[in-house]
Amino acid sequence: MDIILKIIAFVMLIFPTIYQAIAGFRTKDQAVVKKIGWQSVIMQVIGTLLAYFIFIKIGQDKQIAIYVGFMFFMSLAILVFIQNILIYLKNNNDKF
């Protein structure tokens, strides 16, 4: 049962990053990327809290959930940054 709960916690932590990667690269508008980014951030915070409580329930070190949640949060920030740069370059391609 512990392994299943650890897998569920990992999926809750990684899902917002996957969502941002798929949905963010499909759009061509900067406002939509920001909107999807905020949705992903909210999902990441909720996923981190749920993983934290799952780790408390199974007796695992709960700091791991916080560290991994922060790591995936940073990956979200990097993804949004890259997506905004790509949209900027695509929209201003004719000026270069």
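Residues numbered from 1 in each chain as written. Predicted model: local features only at pLDDT ≥ 70, side-chain atom pairs only at ≥ 80, totals over all residues. Heavy atoms only, no water.

As for a nonpolar patch on the surface
The grouping of Phe25, Ile78, Phe81, Ile82, Ile85, Leu86, Tyr88 and Leu89 at the surface amounts to a nonpolar patch, some 770 Å² of accessible area in total. Broken down by element, the residue count for the nonpolar patch peaks at 7 residues, all from helix H3 (residues 63-91). Residue placement: Leu89 occurs in helix H3. (Patch = residues over 30% accessible without salt bridge, like charges linked within 9 Å, V, L, I, M, F, W, Y side chains within 5 Å. Areas by Shrake-Rupley, 256 points an atom, 1.4 Å probe, with all protein chains shown as cover. Salt bridge = Lys/Arg side-chain N within 4 Å of Asp/Glu carboxyl O. Helix = DSSP H or I, 4+ residues; strand = E, 2+ residues; numbered from the N terminus.)

A closer look at the packing of helix H1 (residues 2-26) against H3
In the contact formed by H1 and H3, the axes pass within 10 Å of each other and the chain directions differ by 0°. With respect to each other, H1 and H3 are oriented roughly parallel. In this structure, H1 uses Phe10, Leu13, Ile14, Pro16, Thr17, Gln20, Ala21, Gly24 and Phe25 to contact H3, whose residues at the interface are Ala65, Val68, Gly69, Phe72, Ser75, Leu76, Leu79, Val80, Ile82, Gln83 and Leu86. When the residues that make up the contact of H1 with H3 are grouped by side-chain class, the tally is 14 nonpolar, 6 polar and no charged. (Axes fitted to C-alpha atoms, helices over the stretch in contact; angles between N-to-C directions. Parallel < 35°, antiparallel > 145°, perpendicular 65-115°, else oblique. Contact = heavy atoms within 4.5 Å. Nonpolar A, V, L, I, M, F, W, Y, C, P; charged D, E, K, R; others polar.)

Overview of the packing of H1 against helix H2 (residues 30-58)
At a minimum axis distance of 9 Å, the contact between H1 and H2 shows a crossing angle of 175°. Overall, the two elements H1 and H2 adopt an arrangement that is roughly antiparallel. In terms of residue class, the contact of H1 with H2 is made up of 17 nonpolar, 9 polar and 2 charged.

So, the environment of Phe15
Relative to the helices and strands, Phe15 is located in helix H1. Classification of Phe15 as partly exposed rests on a relative accessible area of 45%. Sequence-wise, Phe15 and Met1 are 14 residues apart; in three dimensions their C-alpha atoms are separated by 21 Å. (Buried < 20%, exposed > 50% of the residue type's maximum accessible area, 1.4 Å probe, protein only.)

Points about the environment of Met43
Note that Met43 resides in helix H2. Placed 50 residues apart in sequence, Met43 and Asn93 show a C-alpha to C-alpha distance of 33 Å. In contact with Met43, other than residues within four places in its own chain, are Phe15, Pro16 and Tyr19.

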